[in-house]
Amino acid sequence: MALGLLCLSLVLLGALQTQAQDSTPNLIPAPPLLRVPLQPDFQDELFQGKWYVVGLAGNAFNKEENSQFKMYATTYELNEDNSYSVTSTLLRNQRCDRWIRTFLPSFQPGQFNLGNIERYPGIQSYTVRVVATDYNQVATVFFKKVYKNREFFKITLYGRTKELTQELKENFISFAKSLGLTDDHIIFPIPIDQCIDE
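Residues numbered from 1 in each chain as written. Predicted model: local features only at pLDDT ≥ 70, side-chain atom pairs only at ≥ 80, totals over all residues. Heavy atoms only, no water.

Looking now at the overall build of the protein chain. A tally of regular secondary structure across the protein chain gives 3 helices and 9 strands. Secondary structure elements of the protein chain occur, N-terminal to C-terminal, as α-α-β-β-β-β-β-β-β-β-α-β. At a minimum sequence separation of 6, the contacts of the protein chain that also span at least 24 residues come to 57%. Accessible area of the protein chain: about 11,500 Å², with a carbon and sulfur share of 54%. (Helix = DSSP H or I, 4+ residues; strand = E, 2+ residues; numbered from the N terminus. Contact = heavy atoms within 4.5 Å. Areas by Shrake-Rupley, 256 points an atom, 1.4 Å probe, with all protein chains shown as cover.)

Here 9 bridges tie strand β3 (residues 84–92) to strand β4 (residues 95–105), and the two strands are oriented antiparallel to one another. Residue pairing for β4: arginine 92 is matched across the bridge by arginine 95. Where β3 folds back on β4, the antiparallel hairpin that results is connected by 2 residues, among which asparagine 93 adopts a positive phi of roughly 55°. The antiparallel pairing of β4 with strand β5 (residues 111–114) creates a hairpin that spans 5 residues between the two strands, and glycine 110 there sits at a positive phi of about 95°. (Pairing = 2+ DSSP bridges.)

The next point concerns the state of the cysteines. Summed over all chains, the structure comprises 1 disulfide. The disulfide partner of cysteine 96 is cysteine 195, and the S-S distance across this bridge is 1.9 Å. What sets the handedness of the cysteine 96 and cysteine 195 disulfide is the S-S torsion sign, and at about -90° it is left-handed. Within this pair, whereas cysteine 96 is found in strand β4, its partner cysteine 195 is found in the segment after β9 (186–187), the two being separated by 99 residues in sequence. (Disulfide = S-S within 2.5 Å.)

Glancing now at the side chain of threonine 156. If you trace the backbone, threonine 156 turns up in strand β8 (residues 150–159). Not counting chain neighbours up to four residues away, the residues in contact with threonine 156 comprise Val53, Gly55, Leu56, Ala139, Thr140, Val141, Phe143 and Phe172.

On to the environment of lysine 70, then. Examined against the element boundaries, lysine 70 turns out to sit in the loop between β1 (49–58) and β2 (73–78). On the basis of relative accessibility, which here comes to 36%, the residue lysine 70 falls in the partly exposed class. Once the C-alpha coordinates of lysine 70 and leucine 90 are considered, the two residues, 20 residues apart in sequence, prove to be 7.8 Å apart. Sequence-distant contacts of lysine 70, that is, excluding residues within four places in its chain, are made with Pro189, Ile190 and Ile192. (Buried < 20%, exposed > 50% of the residue type's maximum accessible area, 1.4 Å probe, protein only.)

Here we come to the side chain of aspartate 44. Topologically, aspartate 44 is positioned in helix α2 (residues 44–47). Among buried Asp, Glu, Lys and Arg side chains, aspartate 44 stands out as unpaired, with arginine 160 the closest opposite charge at 11 Å. If sequence neighbours within four positions are ignored, aspartate 44 has contacts with Leu78, Asn82 and Tyr84. (Lys, Arg positive; Asp, Glu negative; His and termini not counted. Salt bridge = Lys/Arg side-chain N within 4 Å of Asp/Glu carboxyl O.)

So, about the packing of aromatic side chains. Within the structure shown, the criterion is met by 18 aromatic pairs. Between phenylalanine 47 and tryptophan 51, the ring centres sit 5.3 Å apart and the planes meet at 35°, which makes this aromatic pair tilted. When sorted by exposure, phenylalanine 47 lands in the same class as tryptophan 51, which is buried. Across from the ring centre of tyrosine 147, 5.6 Å away, lies the NZ or CZ of lysine 145, which sits over that ring. Lying over the aromatic face of phenylalanine 143, lysine 154 brings its terminal NZ or CZ to 5.0 Å of the ring centre. (Phe/Tyr/Trp six-rings, centres within 6.5 Å; stacked < 30°, edge-to-face > 60°. Lys NZ or Arg CZ within 6 Å of the ring centre and 35° of its normal.)

Turning our eyes to something else, we now look at the pairing of strand β7 (residues 138–147). The buried count for β7 comes to 8 of 10 residues, which makes it a mostly enclosed element. Between strand β6 (residues 123–133) and β7, which pair antiparallel one after the other, the connecting turn spans 4 residues, and tyrosine 135 there sits at a positive phi close to 75°. Pairing geometry for β7 and β8, over 10 bridges, is antiparallel. Within β8, the position partnered with lysine 145 by the bridge is phenylalanine 152. Counting the residues in the hairpin turn of β7 and β8 gives 2 residues, including lysine 148, whose phi is positive at 50°.

Before going further, it helps to spend a moment on the environment of arginine 160. Along the chain, the position of arginine 160 falls in the loop between β8 and α3 (166–178). Sequence separation between arginine 160 and alanine 73 is 87 residues, and the spatial gap between their C-alpha atoms is 9.5 Å. Setting aside residues no more than four positions away along its own chain, arginine 160 makes contact with Leu46, Phe47, Gln48, Gly49, Lys50, Trp51, Tyr52, Tyr135, Asn136 and Gln137. Here the side chain of arginine 160 touches lysine 50 through a polar contact of 3.0 Å, landing on its backbone oxygen. (Polar contact = N/O pair within 3.5 Å; in protein donor to acceptor, adjacent residues only side chain to side chain.)

If you want it as structure tokens, here you go:
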């Protein structure tokens, strides 16, 4: 009897695992980096400073689920070795949350890899690529990570201020769609003052 129950339990567990795997959404494949533009003649000292996250697009975003997503700020601080200390500040559960990462320069100016990657369990690779920027108003940055053998990518529209022109937002939408994303994968976070202006 006990053996029969054990076998039944294992069969049910297998069925639940299969069902859980089937319910995982199919991700739009991440584009190869060669398809993602890179800011020509990238100037790392001009890129540093505070940026507001004005737009987000990615293969794991869902407009409906993220419709109340709040704006956050990310500050790039250039180090002597040409890496960046990157601090993101956001409001989460009425508290200010900060997380700090290091972006190490890659073989191409404007492309970076996550430093201390072993501190992030499950992440196999993490690449950051500055697609385009004018340094003083707007920037578009592409992020690609491999997490537990799955490829995730996102595109961030940064602004030095919380508001960007409609034209800049439309350019961002067009770029996101050129990489296979749809309107459902593109969000514009709600501007806030708490935490991100400190």
